[in-house]
Amino acid sequence: MYNREQTKELQELTEKYIKSNITCETSNVNTLRDILRFHEYRYYVQNEPLISDFEYDSLYKKLEKFETEHPENITPDSPTQRVGAGLVKDFPKVQHLVPMLSLENSYNADDLLDWDRKCRELSSLDVVEYSVEPKFDGASISLIYENDLLNRGATRGDGVVGDEITVNTKQIKSVPLSAKFSEYGIQQIEIRGEVLMNKNNFKRYNDKLIEEGIPPLANPRNAAAGSLRIKDTAEVGRRNLEAFLYHVSYMVSGESSMLSKKQPATHSGMIDMLWHLGFRSPQREMKIFKGIDAVINYVNDFEAGRDNLPYEIDGMVIKVNDLQLQDKLGMTSHHPRWAIAFKFKARQATTKLIGVEFQVGRTGAVTPVAKLEPVQVGGVTVSSISIHNEDYITEKDLMLGDTILIERAGDVIPQIVKSFAELRKGDEQKIIFPKHCPVCSHVLYRPAEEAVWRCTNINCQAQVVERIIHFVSKDAMDIRSFGDANVRKFYELGFLKDVPGVYTLPFDELSKLDGFGEKSITNLQTNIEASKTQPLHRIIYGLGIRYVGETTAKTLANNVEHLLDFINLSEEVLQQMEDVGVKVASSIHSFFADAANVEMIKKLEVLGVHLKNEKKALTTGGNLTGQTFLFTGTMLKFKRSDAEALVEKNGGKIVSGVSSKLNYLVVGEDAGSKLEKAKKINSIKIISEEEFEKMVSS
Ligand code: IVH
């Protein structure tokens, strides 16, 4: 898309615009748009940004200011035009230029051998050339460009008619608003692709839902499909969707000149063309093979590495590469004959819902947990699954004895996809939600605006135990060898009554218990002692304040010097913090307004738990100040979380992916795609664990 010279020129221009603070005027507005498009491409398509988000925003604001003052100068493909027009009422139905067919599926090598044989017979060739690419597991879309401008975006719908979602597709930053198809003599083109939410963004999105007490989504596909049909376009933008474009379904040639580039004659040529025009096509993932044997090897290798990809795929798509041959092979009524999907091992399974248990959480929320006939999904056995709340049971139409479909996408917690009402025999039973707490018998209460029934007895044994379990858990105070079972046991025996009790355990008594040898007692003692100096955000998270997850806890910790500072912060002040909305602010405020909570925190401090924000003092002047790090592969000398903490302690920062913002990639054993990617970016220093160790100790 951008060659070396263009990249250099645009980067020099960028620096000039940032450093000399050039204002945007009629004479240079197009240059500024080019600069912004270039950085969008680096960030969203190539995943190799050259400037910081802050710098991008400052350039963007310049353009926005100019366009507000001179609306007559706005062009439809200006980077500002992604910003949607507020709320959409309804999505009009539109007909696709060519029906969006689905693909025939295959599940093993024999299926592929059969398909290859048919392709060879129909084409009278001995060997067919195939191009192979991932089968992206998202929501399919169709995009139409006319005279180089994005003119329409639509969902698949029933394959013939879909929803027109142009404003929402414009929110996807890897979808160019304009592309120079005219250089290929193309006047109109329909492109197909898949919209995805990557695993990281999906996790963040689901965590937020959980923090808000909303059932999480089963997989990123549902998240992407749902996001495309949201009526609030700004919200679509916040979901950080991505799009892979993998198929040209229709083309109308316009005026061509001697200078026109040749239109591709192969599928891989189309993928290259799209890539060079600024689309995120699977250009890097695609491979071309002569004959089916090599294809079979490639799809198997890809399946083995499936979990290392940043997004979900559910298989591979194999396509006859020659477009003329594709035409010749044609289609059946359902599928093209020139392509086939190779499906990976299912992450879904059917099983029976045989019972429901009601568990009381640390906030008193009563969660129904479905007991299942054990079943293997995605490599693990699942025998129980959260069914969240009463409304969820109604929505999913669940009954005891039902056959249900469950899914476990990657490392996502398994979820119920649906029940099969059509398979009921008549002896299934309704799931009845209790009216009293199953632990303390206190009457349950469901606030009007919530979906959750709660036990409001804060001394309810289940809540106290769950609060302690949460406090000592891995993501909170990380007290190893404590564990759920020990918390329950110590509580039942009266050795542990509340959270501060973690620091006053009677070890003499514990050592008399079965299974508590000297070694395990010393271990427990050491780990408890070590937890006293955990960073503040872990304590905040450990307190189990409603709506305060790990991310919010980090934000909160960064905003105070001492935990008790929160007593004096108003809801308004709290709301000014990143990601803290009205609901979260109110929850934090009422937590610290409760004298019993403050008392408990003070007790912790007296018992030696550090409540100061030590991080601020430590991070300035460390020998890694200003440097960014990422760890990949299996580490032998360090636990990854310890290594990351060391970086932060020395003033460095951990980044989430390989980009030009990364300074050091620390490589353990069996490093994979991150290492390959880093090798292509000259500025990244690739170092071993030993070298890292030297850096932090010097
Ligand atoms: S090609 C005419 N390529 O899988 C054939 N499809 O059942 C056009 N999909 O509806 C489809 N990744 O939504 C193609 N690399 C890929 C794909 C892909 C995902 C989806 C697509 C299609 C479904 C097939």
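Refer to the structure above for everything that follows.
Just so you know, these numbers come straight off a predicted model, no measurement behind them.

A.B. asks: Teacher, can you tell me more about helix H10 (residues 292-304) here?
C.D. replies: Note: α-helices contain 3.6 residues per turn, so residues at a spacing of three or four share the same orientation. Compared with an ideal rise of 1.5 Å per residue, which puts 13 residues at 18 Å, H10 spans 19 Å between its outermost C-alpha atoms and is within 8% of the ideal. If you check which residues of H10 are buried, you get Ile 292, Val 295, Ile 296, Tyr 298, Val 299, Phe 302 and Glu 303. Seen along its axis, H10 keeps its buried residues to an arc of 165 degrees; they face one direction. Seen from the buried face of H10, the exposed residues on the opposite side, beyond 90 degrees, are Asp 293, Asp 301 and Ala 304. The inward-facing, buried residues of H10 abut helix H4 (109-123), strand S3 (129-136), strand S9 (287-290), strand S10 (313-320) and strand S11 (339-343).

A.B. asks: Before we go on, may I ask you to explain the nonpolar core in this structure?
C.D. replies: The tendency in soluble globular proteins is for nonpolar side chains to be buried as a group. By size, the foremost hydrophobic cluster in this structure holds 55 residues, and its most contacted members are Phe 482, Val 502, Leu 563 and Phe 566. In terms of residues, this core owes the most to one element, helix H13 (residues 461-472), which gives six residues. Residue contacts for Phe 566: discarding those within four places in its chain leaves Ile 540, Leu 556, Val 560, Leu 574, Ile 588 and Phe 592.

A.B. asks: So what exactly am I meant to see when it comes to the packing of aromatic side chains here?
C.D. replies: Geometrically, a pair of aromatic rings is defined through the distance of the ring centres and the angle of the planes. One pass over the full model with this rule turns up 24 aromatic pairs. A ring pair is formed by Trp 115 and Tyr 130, whose centres lie 5.1 Å apart and whose planes are at 35 degrees; its orientation type is tilted. Taken together, the positions of Trp 115 in helix H4 and Tyr 130 in strand S3 put the pair 15 residues apart, joining distant regions of the chain. Accessibility classification places Trp 115 together with Tyr 130 in one group, the buried group.

A.B. asks: Got a minute to help me understand the sheet that holds strand S20 (residues 653-654) in this structure?
C.D. replies: Paired through backbone hydrogen bonds, the strands of a sheet run either parallel or antiparallel to each other. The sheet built from four strands is open, its strands ordered S20-S19-S21-S22 with parallel pairing. One side of each edge strand has no neighbouring strand; the edge strands of this open sheet are S20 and strand S22 (685-688). Across two bridges, the pairing between strand S19 (residues 628-632) and S20 is parallel. Looking at the pairing, Phe 629 lines up with Ile 654 of S20. Contacting S19 and S20, helix H23 (residues 640-649) runs over the sheet at an angle of about 170 degrees to S19. Each of S19, strand S21 (664-667) and S22 is contacted by helix H25 (residues 689-697), which is oriented at about 95 degrees to S22, the strand it contacts most.

A.B. asks: Explain the environment of Phe 629 to me, please; I cannot follow it from the model alone.
C.D. replies: Its location among the elements puts Phe 629 in strand S19. Relative accessible area serves as the criterion here: at 0%, Phe 629 is assigned to the buried category. Those residues in contact with Phe 629, other than ones at most four positions away along the chain, are Leu 624, Val 647, Lys 653, Ile 654, Val 655, Leu 662, Tyr 664, Val 666, Phe 692 and Met 695.

A.B. asks: Help me understand the pairing of strand S14 (residues 380-386), please; the structure alone is not making it clear to me.
C.D. replies: On any regular strand, side chains alternate: one points to one face of the sheet, the next to the other face. Of the pairings in the sheet, the one linking strand S13 (residues 366-377) to S14 comprises six bridges and is antiparallel in character. Paired with Gln 376 across the bridge in S14 is Thr 381. Remark: two residues form the turn of the hairpin made by S13 and S14, two consecutive strands paired antiparallel; Gly 378 in that turn has positive phi of roughly 50 degrees.

A.B. asks: Would you explain the pattern of salt bridges in this entry?
C.D. replies: Side chains that differ in sign of charge can pair as their charged atoms come close. Counted by the stated rule, this structure contains 38 salt bridges. With its nearest N and O atoms 3.0 Å apart, the salt bridge here joins Glu 190 to Arg 192. Among the residues examined, Glu 190 registers a relative accessible area of 0% and is labelled buried. Between Asp 397 and Arg 424 there is a salt bridge, and its shortest N-O distance comes to 3.3 Å. Of this pair, Asp 397 sits in the loop between helix H12 (390-395) and strand S15 (403-407) while Arg 424 sits in the loop between strand S16 (415-419) and strand S17 (444-445), and the two are 27 residues apart along the sequence. By relative accessible area, which is 25% here, Arg 424 ends up partly exposed. Through salt bridges with shared partners, a single ionic network connects Asp 34, Arg 37 and Asp 77.

A.B. asks: Before we go on, may I ask you to explain the sheet that holds strand S5 (residues 149-155) in this structure?
C.D. replies: What the four strands build is an open sheet, ordered S5-S4-S7-S8; its pairing is antiparallel. The open sheet has two edge strands, S5 and strand S8 (242-253), and neither has a second partner. Shown here is a sheet whose adjacent strand axes are inclined to one another by a mean of 25 degrees, direction ignored. Strand direction decides the pairing type here: strand S4 (residues 139-146) and S5, joined by six bridges, are antiparallel. Residue Tyr 145 lies in a different strand from S5, and its bridge partner there is Leu 150. Set on the sheet, helix H9 (residues 267-276) makes contact with strand S7 (186-196) and S8; between it and S8 the angle comes to about 110 degrees.

A.B. asks: Mind showing me how you'd approach the pairing of S4 here?
C.D. replies: Most of S4 is tucked away, with seven of its eight residues classed as buried. Relative to S7, S4 runs antiparallel, the two being bridged by eight bridges. Within S7, the residue paired with Ser 140 across the bridge is Glu 194.

A.B. asks: Explanation requested: the site of the ligand in the structure shown.
C.D. replies: Near the ligand, the surroundings consist of 13 residues, among which Glu 133, Pro 134, Phe 136, Glu 194 and Tyr 246 are the closest. Within the complex, 90% of the 530 Å² of free accessible area of the ligand lies under protein. Elements represented by at least two residues in the shell around the ligand include exactly S3, S8 and S10. Top contributing element to the shell around the ligand by residue count: S3, with four residues. Broken down by class, the residue content of the shell around the ligand amounts to six nonpolar, three polar and four charged.

Cut-offs and rules
Residues numbered from 1 in each chain as written. Predicted model: local features only at pLDDT ≥ 70, side-chain atom pairs only at ≥ 80, totals over all residues. Heavy atoms only, no water. Helix = DSSP H or I, 4+ residues; strand = E, 2+ residues; numbered from the N terminus. Expected span 1.5 Å × (residues − 1). Buried < 20%, exposed > 50% of the residue type's maximum accessible area, 1.4 Å probe, protein only. Arc of directions from axis to C-beta. Contact = heavy atoms within 4.5 Å. Core = buried A, V, L, I, M, F, W, Y, C linked by side-chain atoms within 4.5 Å. Phe/Tyr/Trp six-rings, centres within 6.5 Å; stacked < 30°, edge-to-face > 60°. Pairing = 2+ DSSP bridges. Axes fitted to C-alpha atoms, helices over the stretch in contact; angles between N-to-C directions. Salt bridge = Lys/Arg side-chain N within 4 Å of Asp/Glu carboxyl O. Near = heavy atom within 4 Å. Areas by Shrake-Rupley, 256 points an atom, 1.4 Å probe, with all protein chains shown as cover. Nonpolar A, V, L, I, M, F, W, Y, C, P; charged D, E, K, R; others polar.

Read these as layout, nothing more, since geometry by itself doesn't imply function.
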